[in-house]
Amino acid sequence: MKPFGFPIHSAVDGYSRKVMWLETCRSNNIPSVPAKLYLQCVQEHKGCPLLVRSDYGTENGIIAGMQCFFRSDNAPFSGEHAHRYGSSTRNQRVENWWSHFRKSMGSWWINFFKDLVDKGIVDLEKELHKECMWFCFSGVLQIALDDMKKYWNTHYIRQSRHETVAGVPDILFFLPENSGGTDCLIPVPQEKIDEMKLECQGVEEESIFQEYFEYLMATEGIQYPTRYDEALTLFSYLTTVADV
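Procedures and definitions
Residues numbered from 1 in each chain as written. Predicted model: local features only at pLDDT ≥ 70, side-chain atom pairs only at ≥ 80, totals over all residues. Heavy atoms only, no water. Core = buried A, V, L, I, M, F, W, Y, C linked by side-chain atoms within 4.5 Å. Buried < 20%, exposed > 50% of the residue type's maximum accessible area, 1.4 Å probe, protein only. Helix = DSSP H or I, 4+ residues; strand = E, 2+ residues; numbered from the N terminus. Contact = heavy atoms within 4.5 Å. Salt bridge = Lys/Arg side-chain N within 4 Å of Asp/Glu carboxyl O. Polar contact = N/O pair within 3.5 Å; in protein donor to acceptor, adjacent residues only side chain to side chain.

Take the nonpolar core next. Membership of the largest hydrophobic core comes to 37 residues, with the highest contact counts inside it found for Phe6, Trp97, Trp109, Phe113, Cys136 and Phe137. For this core, the secondary structure elements donating two or more residues are β1 (8-12), β2 (19-24), α3 (92-118), α4 (127-154), α7 (208-220) and α8 (228-243). Contact partners of Trp109, with chain neighbours within four places excluded, come to Met1, Phe137, Val140, Leu141, Ala144 and Tyr228. In terms of nonpolar packing, the next biggest core, distinct from the first, is built from 20 residues, Ala35, Cys41, Ile193 and Cys200 among them.

The next subject is the pattern of salt bridges. All told, the structure shown has seven salt bridges when counted by the stated rule. One salt bridge connects Arg26 with Glu131, and the closest N-O pair in it is separated by 3.2 Å. Highlighted residues: Arg26 in the loop between β2 and α1 (32-45) and Glu131 in helix α4, separated in sequence by 105 residues. The salt bridge involving Lys119 is made with Asp115; its shortest N-O contact spans 3.2 Å. Look at Asp115 and you get partly exposed, because its relative accessible area is 33%.

What follows is about the environment of Glu131. Taking relative accessible area as the criterion, Glu131 reaches 9% and is therefore assigned buried. A C-alpha to C-alpha distance of 21 Å links Glu131 and Ser32, two positions 99 residues apart in sequence. Excluding its chain neighbours within four sequence positions, the residues that come into contact with Glu131 are Arg26, Ser207, Phe209, Gln210 and Phe213. Among the polar contacts made by the side chain of Glu131, one reaches the side chain of Arg26 at a distance of 3.2 Å.

Set out below in structure tokens:
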């Protein structure tokens, strides 16, 4: 999805396989972006994981620092041992998840955007088109991602050969003891969370194109799209008006 302007960031709980977040963002190369998603997750659950694994991408650097800061005690996997870097292929839980995502949803969106480019409807060399793509489709795509996350977290997963347990991700996550697991959520004081919020600043400012599109929507009384076909109609309208 990234070549079309929609990088997606996700995290999966290793035991339950619950998708903790699944978000499209303007860029997944800026460390503050995934860091904000991680911190929101810690805030929501009032705690952090015992251990976080990520690939070697520099975008995960702040997450690594936060995790080690939250685990700065003398317990197992504390301090610098609270985060581990590894190759993408070794992070099997999230790699399996991405494979499922590609087969069940990602391929459709990739083919849809590719078709728009091949037909000349979208020109990714034009900044106007790239900005308008984000404005029109990011919300619709996020709705689809939210629906997929909800479905995944509430459906039954059979046991596999990858040292996993059978069950519904949400139930396995919130009630691990019922399936022989252990609750590894580490409480994090609110003051520590607030201190780390400063590390999530520095996200790119909204472009002048986004402000212009919002102005057109407001002055024309246009509703924001909730489906891909509505987003495509809006894209055609906005790019036509902006080109005049």
